[in-house]
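Breakdown of the fold
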Amino acid sequence: MNSNNVRDFKIDLVIEDHEKSKEQLIAELAELRNEILALEQKSLLSETVQERSRPLINFSEEEGICTILMVEDSEIDRTCYRLFLTRNSPKNYQIVEFSNAEDALIWCIDHVADIMLIDYVLPGMNGLDFLSELQQQVRHERTPCIIMTNQAEQELAIQSLKSGAKDFLNKGKMTPEGLNRAVTNVLQQSYWIEEQELQRERQNLVNMIAYSIRQSFELDGIFEFTLNELRRLLQCDRVLIYQFQSINGDGKIINESVVDPALSLLGQEITDICFEKSTEWVELYRQGRICSIENIEADSSLSACYQQFLKNIHVQAKLVVPIVQEKHLWGLLIAHQCTATRHWTVPEIELLNLLSMQIEIAIQKVGLQQQAQKERQENREIEKTINYIASGLVAKIGEDFFQLLICYLSQILEVDYVCIAELTNAQTAETLAVCHHQQIIDNFEINLKNQPYSKILGSKNNTVQIYQNNLQDLFFEHKIIQSSNIHTFLGICLVDSSQKAIGFLTILHSSSLENIALAEKFLKVFGSRAGAELERQQIEAKLRKSEADLLEAQRIAHVGHWKWNKNINELWWSEEVYHIFGVALKQKITFDFFIQQIHPLDRDRVLQETEAALRGHTFRTVYRLQWPNNETRFIKILGKVIFDKQGNAVAMRGVVLDITELKKAELELQRVNLGLEEEVKARMNELTTVHQKLQNELCERKQIEAEKEESEIFYSNHLEKELNEKQQIAEKLKESEIRYRRIVETSSEGIWQLDKNKKTVFVNPRMAEMLGYSVEEITKLSLLDLIDETDKEPVKYLIEQRENNLISQYDLQFRRKNGTIMWTMVSARSVVDEEGKYLGRLKMITDISDRKRAEAALQEFNRRWRSVLDTIQMIVVELDKYGNVEYVNPFFEKVFQFSSEEVLGKNWLTTFVPAHSSEEIEIVFEEILKNEAHSHYENPILIKSGEERLITWRNSVLKDNSGQPTGLVAIGEDITERNHLEQMKSEFVSIVSHELKTPLTAIQASLSLLHEKIVDPNSEEGEESISIAVDGVDRLVRLVNDILDIERLRSGKINLKKIYCDTQEIIKKAIAEIRQLAERSNVTINLPSCSLQMYADCDRIVQVLINLISNAIKFSPMHSTIDLLVESRMPESTDKFNTSSSLLFKVCDQGRGIAAQHLETVFERFKQIDASDSRDKEGTGLGLAICRDIVEQHGGKIWVESVLTQGSTFCFSIPTEPLEDLIHDQ
Amino acid sequence: MINKRVLIVDDDLGIRRIVQISLKAIANWDVLSAGSGSEGIAIAETESIDAILLDVMMPDMDGIETFAKIKENPNIQSVPIILLTAKTKVSEQKQFNNIAIAGVIMKPFKAPALVDQIRSILNWN
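In what follows, the accompanying structure is described. Residue numbers here run from 1 along each chain, matching the order of that chain's written sequence. All chains are assigned letters beginning at A, and all ligands numbers beginning at 1, according to the order in which they are written. Residue-level local features of this predicted model are given only where pLDDT is at least 70; pairs of side-chain atoms are given and counted only at 80 or more, and the full residue set underlies all totals for whole chains, interfaces and linings. To obtain the side-chain values, all non-hydrogen atoms of the structure were used and water was disregarded.

Here we look at the overall build of chain B
- Secondary structure elements are taken from DSSP: a helix is a run of H or I of four residues or more, a strand is a run of E of two residues or more, and numbering for both begins at the N terminus. Scanning chain B from terminus to terminus reveals five helices and five strands.
- Counting from the amino terminus, chain B carries its helices and strands in the arrangement β-α-β-α-β-α-β-α-β-α.
- Relative accessible area decides the class of each residue, using a 1.4 Å probe on protein chains only: under 20% of the type maximum gives buried, over 50% gives exposed, and in between gives partly exposed. In chain B, which comprises 125 residues, the proportion classed as buried is 50%.
- It only takes one pair of heavy atoms within 4.5 Å for two residues to be counted as in contact. The long-range fraction of contacts in chain B, counting pairs at least 24 apart against all pairs at least 6 apart in sequence, stands at 59%.
- Surface exposure of chain B reaches about 5600 Å², of which carbon and sulfur atoms provide 48%. Note that accessible areas follow from Shrake-Rupley with a 1.4 Å probe, and for residues the cover is restricted to the protein chains shown.

Details of the overall build of chain A
- Of regular secondary structure, chain A possesses 37 helices and 40 strands.
- Counting all 1226 residues of chain A, 41% fall into the buried class.
- Within chain A, contacts between residues separated by at least 24 positions form 58% of all contacts whose residues are at least 6 apart in sequence.
- Carbon and sulfur atoms make up 51% of the accessible area of chain A, which amounts to about 69500 Å² in all.

Observations regarding the interface of chain A and chain B
- Residue-level contacts link 28 residues of chain A with 25 residues of chain B.
- Buried area adds together the accessible area that both of two parts lose upon being put together, with accessible area traced by a 1.4 Å probe. Summed over both partners, the interface of chain A with chain B buries about 2200 Å², with 64% contributed by carbon and sulfur atoms.
- A per-residue breakdown of the area chain A buries against chain B is headed by His994, Lys997 and Thr1001 of chain A, which together make up 23% of the total.
- Salt bridges are identified by distance alone: a Lys or Arg side-chain nitrogen within 4 Å of an Asp or Glu carboxyl oxygen. Along the contact surface separating chain A from chain B lie two salt bridges.
- Pairs of N or O atoms within 3.5 Å make up the polar contacts considered here, provided that, within protein, one atom can donate a hydrogen while the other can accept it, and that residues adjacent in sequence are counted only when both atoms are side-chain atoms. On the surface where chain A and chain B come into contact, there are seven residue pairs in polar contact (both at pLDDT 80 or more).
- Looking at the side of chain A that touches chain B, the elements with two or more residues in it are α31 (976-1011) and α32 (1020-1051) of chain A.
- Of all the elements, α31 of chain A adds the most residues to the side of chain A that touches chain B, at 15 residues.
- In the side of chain A that touches chain B, the residues fall into nine nonpolar, eleven polar and eight charged. Only Asp, Glu, Lys and Arg are considered charged in this grouping, and only Ala, Val, Leu, Ile, Met, Phe, Trp, Tyr, Cys and Pro are considered nonpolar; every other residue, Gly among them, is considered polar.

Topic: the sheet that holds strand β6 (residues 238-244) of chain A
Residues and elements named next belong to chain A.
- Whether two strands pair depends on DSSP finding at least two bridges between them. Taking strand neighbours across the sheet as the criterion, the six strands line up as β8-β7-β6-β11-β10-β9 in an open arrangement whose pairing is antiparallel. Edge strands, defined here as strands with exactly one partner in the open sheet, are β8 (269-270) and β9 (291-293).
- For helices, the fitted line uses only the C-alpha atoms of the stretch in contact; every axis is such a line through C-alpha atoms, and the angle between N-to-C directions lies from 0 to 180 degrees. Strands β6, β7 (251-258) and β11 (328-337) of the sheet are contacted by helix α8 (residues 219-234), whose axis makes an angle of about 55° with β7.

Some remarks on the pairing of strand β25 (residues 760-763) of chain A
Residues and elements named next belong to chain A.
- The pairing of strand β24 (residues 750-755) with β25 spans three bridges and is classified as antiparallel. Looking at β25, one finds that Trp752 is bridged to Val763.
- In this antiparallel pair of consecutive strands, β24 and β25, the connection spans four residues, and Lys758 shows a positive phi of 70°.

Describing the environment of Thr339 of chain A
- Along the chain, the position of Thr339 of chain A falls in the loop between β11 and α11 (346-395).
- As for Thr339 of chain A and Ala317 of chain A, which are separated by 22 residues in sequence, their C-alpha atoms are 8.9 Å apart.

Re the state of the cysteines
All names here are of chain A.
- Put simply, a disulfide is two cysteine sulfurs that come within 2.5 Å. Scanning all chains against the criterion turns up zero disulfides over all chains.
- Left unpaired, Cys1148 is separated from the closest cysteine sulfur, that of Cys1211, by 6.9 Å.
- Looking at Cys1148, the relative accessible area reads 17%, which means it is buried.

What to know about the nonpolar core
Residue and element names in this part refer to chain A.
- Core analysis: the largest hydrophobic core is formed by 50 residues, its most contacted members being Ile1066, Met1094, Leu1105, Leu1108, Ile1109, Ile1113 and Phe1212.
- With nine residues, helix α34 (residues 1098-1114) is the largest single contributor of residues to this core.
- The contacts of Phe1212, once residues within four sequence positions are left out, are Ile1101, Val1104, Leu1105, Leu1108, Leu1143, Leu1144, Phe1145, Val1191, Lys1197, Ile1198 and Trp1199.
- The criterion is simple. A nonpolar core is a set of buried Ala, Val, Leu, Ile, Met, Phe, Trp, Tyr and Cys residues joined through side-chain atoms within 4.5 Å. Within the second largest apolar cluster, 30 residues are counted, among which are Ala390, Leu490, Phe522 and Leu523.

A few points about a negative patch on the surface
Residues and elements named next belong to chain A.
- Together, Glu102, Asp103, Asp129 and Glu133 make up a region of like negative charge exposed at the surface.
- At the level of secondary structure, the elements contributing two or more residues to the negative patch comprise α4 (101-110) and α5 (127-137).
- Along the chain, Asp103 falls in helix α4.
- By relative accessible area, Asp103 is classed as partly exposed at 37%. Only residues above 30% relative accessible area that lack a salt bridge enter a patch, with like-charged residues linked at up to 9 Å and the nonpolar side chains Val, Leu, Ile, Met, Phe, Trp and Tyr linked at up to 5 Å. Only four residue types enter the tally: Lys and Arg on the positive side, Asp and Glu on the negative side; His and the chain ends are excluded. Lysine's charge is taken at NZ, arginine's at CZ, aspartate's at CG and glutamate's at CD.

Topic: the pattern of salt bridges
All names here are of chain A.
- For the coordinates displayed, the defined rule picks out 44 salt bridges over all chains.
- Notably, a salt bridge pairs Arg851 with Asp811, separated by 3.9 Å at the nearest N-O pair. Taken together, the positions of Arg851 in helix α26 (residues 849-871) and Asp811 in strand β26 (residues 807-815) put the pair 40 residues apart, joining distant regions of the chain.
- Take Asp811: its relative accessible area is 32%, and that puts it in the partly exposed class.

Side note on the packing of aromatic side chains
- Centres within 6.5 Å are what make two rings of Phe, Tyr or Trp a pair, Trp counting through its six-membered ring; a difference in plane orientation under 30 degrees is then read as stacked, over 60 as edge-to-face, and the rest as tilted. Tallied over the entire structure, the rule returns 30 aromatic pairs over all chains.
- The interplanar angle of 80° and the centroid separation of 5.4 Å between the aromatic rings of Phe898 of chain A and Phe912 of chain A together place this pair among those described as edge-to-face. One end of the pair, Phe898 of chain A, is in the loop between α27 (890-896) and α28 (900-903); the other, Phe912 of chain A, is in the loop between α29 (908-911) and α30 (915-931), and 14 residues separate them in sequence. Taken as a pair, Phe898 of chain A and Phe912 of chain A share a single burial class, namely buried.
- Among the aromatic side chains, those forming a connected cluster through ring pairs are Trp564, Trp573, Tyr578, Phe581, Phe591, Phe593, Phe594 and Tyr623 of chain A.
- The cationic tip of Lys4 of chain B hangs over the ring face of Trp124 of chain B; the distance from NZ or CZ to the ring centre is 4.8 Å. Both a distance and an angle decide whether a charge sits over a ring: NZ of Lys or CZ of Arg must be within 6 Å of the ring centre and within 35 degrees of the ring normal.

Digging into the packing of α32 of chain A against helix α36 (residues 1183-1193) of chain A
All names here are of chain A.
- In the contact formed by α32 and α36, the axes pass within 10 Å of each other and the chain directions differ by 25°. Judged on the interaxial angle alone, α36 and α32 are roughly parallel. For the pair α32 and α36, the crossing hand works out as left-handed. Residues Asp1042, Asp1045, Ile1046, Leu1049 and Arg1050 of α32 touch α36, and the partners they reach there are Gly1183, Ala1185, Ile1186, Arg1188, Asp1189, Ile1190 and Gln1193.
- The class makeup of the residues in the contact of α32 with α36 is five nonpolar, two polar and five charged. For classification purposes, an angle smaller than 35 degrees is called roughly parallel, one larger than 145 roughly antiparallel, one from 65 to 115 roughly perpendicular, and anything else oblique. A crossing counts as left-handed when the near helix is turned anticlockwise from the far one by less than a right angle, and as right-handed when that turn is clockwise.

Concerning unusual backbone geometry
- Omega for the bond connecting Lys107 of chain B with Pro108 of chain B falls within 30 degrees of zero, at -5°, which places this linkage in the cis form.
- Structurally, the position occupied by Pro108 of chain B is in the loop between β5 (103-106) and α5 (111-122).
- The phi angle at Gln499 of chain A is positive, at roughly 65°, despite the residue not being glycine.
- Exposure remark for Gln499 of chain A: the relative accessible area of 44% places this residue in the partly exposed category.
- Notably, Lys1013 of chain A is not glycine yet its phi reads approximately 60°, a positive angle.
- Its location among the elements puts Lys1013 of chain A in the loop between α31 and α32.

As structure tokens, then:
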């Protein structure tokens, strides 16, 4: 003992208790000395027997006893420390003291302390050597230790802690509080470490047991492993599993783990009478009660009888937790301490409880597995039987399938009635077959109003409806049930492939069925097969009816159909073809036979047309047929050629029509037409003759008139001489004049005669009527007075010339009395005397106003039509019958880039039709001219540049007066762009449809597995199915949101909420969204430090940045860097239309880059470079398209710069000022 | 009886897995899976396969091209092929009429219906 220590100690004491007087301190010291002496006498203290096992001390419990091993050579110091630790201490310490290390080591062989206080300076070996020796002696035990020393050196402190000491105390500064605090802290720390290790060990145990449960289906093995591990961990004497065998608590110990075989209770059945009020405690355990008893003898809650029972099986402390299966108490998991009482700690109770839960899982799992095995075994048996029956049925399809089926069912299931019925309409069903004790009985009708039937027909998902009570009430109109005392009724709905109910299969039995589950299974299996067979039969019946209808229709219409397999030269005729050809049905038909039936004059033509059809032309021909009775029939035959993949004709099929009657009618019509034509010709000849006669009469009249003039002259000269003759002539003349005046006066044309001085000599009443004057008025007027001003000069000229023109004809405008214009055609001829001397003019004037109006209207029509053709935005082409261009309109020139001069006269088919479709268009052209077919047609044409444009045409045939085609007019519309847009739209819809259906497929398939209970949701497959469905839903949601976003942006339904925003804020928001993704991908993002302003919709710009940066992250390699740059950009001086300044955002990555040809297309919808990216990278293929729409709506631009394998830079610009203001300023 | 072995070729992992789970759980068929046409051909050449379920719309090599390559390959050309497609338009389906596939199954599908359709197309009773 170092006296300095004592002095220091005293000083410390004095310092600590500076309020005490000197006398008080001396008294305390004396007291201490006395105590030391007393303690020295009690040296036996160090030999106290301790339990080897060391229960864990919970420092929260004050009553816990804690053993402290103190190794200190100074007796005074030991006494001081003991007093420090025992006086006023809340803890209950048991202190074992040694003055040297060697004795302490010996004590440690059989004992374990909770904490050690070791003096560094000890005789023999120092404190650290002691620790080292102790560690070698007790390898696994580690008692926490505090080293005490006067040498307050840092190096020593470190050395102590390295050697395993938990704390280091300077004796010189030791105080009661300091020591207590150090001991408490070290104990607490040690407790926590031990607690942690124990918990880890427990967790490991639970995990191992859980793992073994998942690996094994063998309950005994699981129990044995669990109990052994549990006993090792709890260090108790016995753990066991008690399984209940009745509700009064009786049961059996089915598994155990014991420290000593003598304690074994395995296999014992416990039926102790002490289990009083068993239902109560059983119920308590069922509800989850945990029973922890430290000391059986001291526990007053136990009855004496039960205490005795426990004592008999050597129980001093016990811990019991229940094992529950589906709310029933299955058994108990029990831990016993047999050699001593025991305090069960909370973690121990928790451990037992956890293991009981694992045991519950194991029991449940093994139970389910056994049940599944049993069911599988049963199912296999049933399946064997079903397959046996089914194979028998399959072999006999075609015989009466339904009778066979129900007889088999009746036999196998040993039931009274099996019945299969078909729905005839919504209210009634008719039995297809009924079997009574394996005998087929009469069919009957069923009333579907009986409620069970509607239930059967309502449950279409292959479920069996079962009725076992009150059948007579339920089936009020069912003869068999009412009369045969039926007790059990099973029914299943038969459905077709579209899940529509078409019938039902029922079983009726007079008592309850023993194996109703088997019957249900058979109904399910054969219900679906019977449904398929019924559907097949229904379809066959429909087909037969349809065939019969077709044959009947063909017979009525005299139409037959035929097939010819060219390769094997096999010809097949429908029945009506035989009738049409007048050939017996038994006749063997070949192609040569068919040719022989054709009229000799038509045979070559038919053969040629057949050959042409096989080369790809349409087979449509009419020919004559010679019946065996030599009657000639007219046949029309239409055919279609069938080509194989290589384009070779392999077969033909088509129809044959007997058109003899039609042809006869046509011939009759032709004959009538010819008759009519003849008649018309005859009438025309008659008319011509009459016309000629009239002409002759007119000439004659004119001649007579001349003669009359002559006569008048003659009369005046020879009046006196030839009085008699004159009289006669006068009479003749009078007659003639009367005749001709009648002609002139009744003529429908005007007649006007002028003398050589242009004075009117005669005007007939018709002429006066035409002009609106009286004859007298007109006679007084000159011809020129009545002519319209526009024609006066030419007429004057004509009049001057007329003496030289004996006959002339011209159009002339008269002005009527009422001022209106009258167009006339004037035929004038000079009147001359016998010597040829000019006497005047005789004019025949015809009113042609109507013709002139019609001509004007026609001209106007032509003008308008030309104007339409010149301005219409449609292509107009006129071709002659050889296909040469006769007219093209200006729009044609615009589209085809040819001038009309370059086009007119060129052949359309060789000049404007691309080579690949010229053959087709040639046929179409012929058919248009011949049959007026193809009034609408679509085909590509070549324009001057060689480019192909797709045109849709409306064709009209031009005909001459005889109705023969002379050419065609085609009006065309250029639909190249429209067609392209439609293709793009169709492609987009197709892609969207595919993109939506892909996740839908995963979702539907997964959910159907779970919904149909095909996989257990708790199994690995079930969990994966749920995960696949959830992934699918996530993807679908992303896709739908993106599609909606892009459609809203494009349709303008999203209004940008533009404000002035700060780039730092925007970038901050975007980065917050994608930080996690960047961290997961180990990618660093360098952000700009500048803060700039722009006028934009902040949220949308954040959306663009998130899209671009997350793309950059997804395509960046690990540990790479992404640079985000923002710079201000002034307008380019060369761009006079864009004078706004803007901000340029750049997102640069070090990813795989983009090939030059994809730099534009990446911004299109669903245009990832690699389509699989959309799934691998969790994208939708719409992100960049959305970005482009947002940026362009801001008036900005977006683009990408990239070199393959060297990374990409996505750039976009956003104007800094409102665009409206800029426009306004400009 | 030896289990049927079916190869699913689809670029979508979710569909591949759920088809695998479904065919195994419902029909106890072994299912191999390939994420692309070329991978599918490689598997078909090395493994014994009873049928191939082939997605039509795949990147790189689509189902129709994959089908043509399989039919050109004498080692595997006899394996029946069922196309899986989301195409519903008549015009889109016309292209299937001219090729010698065993059948077409429309997406989306329920798991039991998928098995039923495969059985029906291939007469696997």
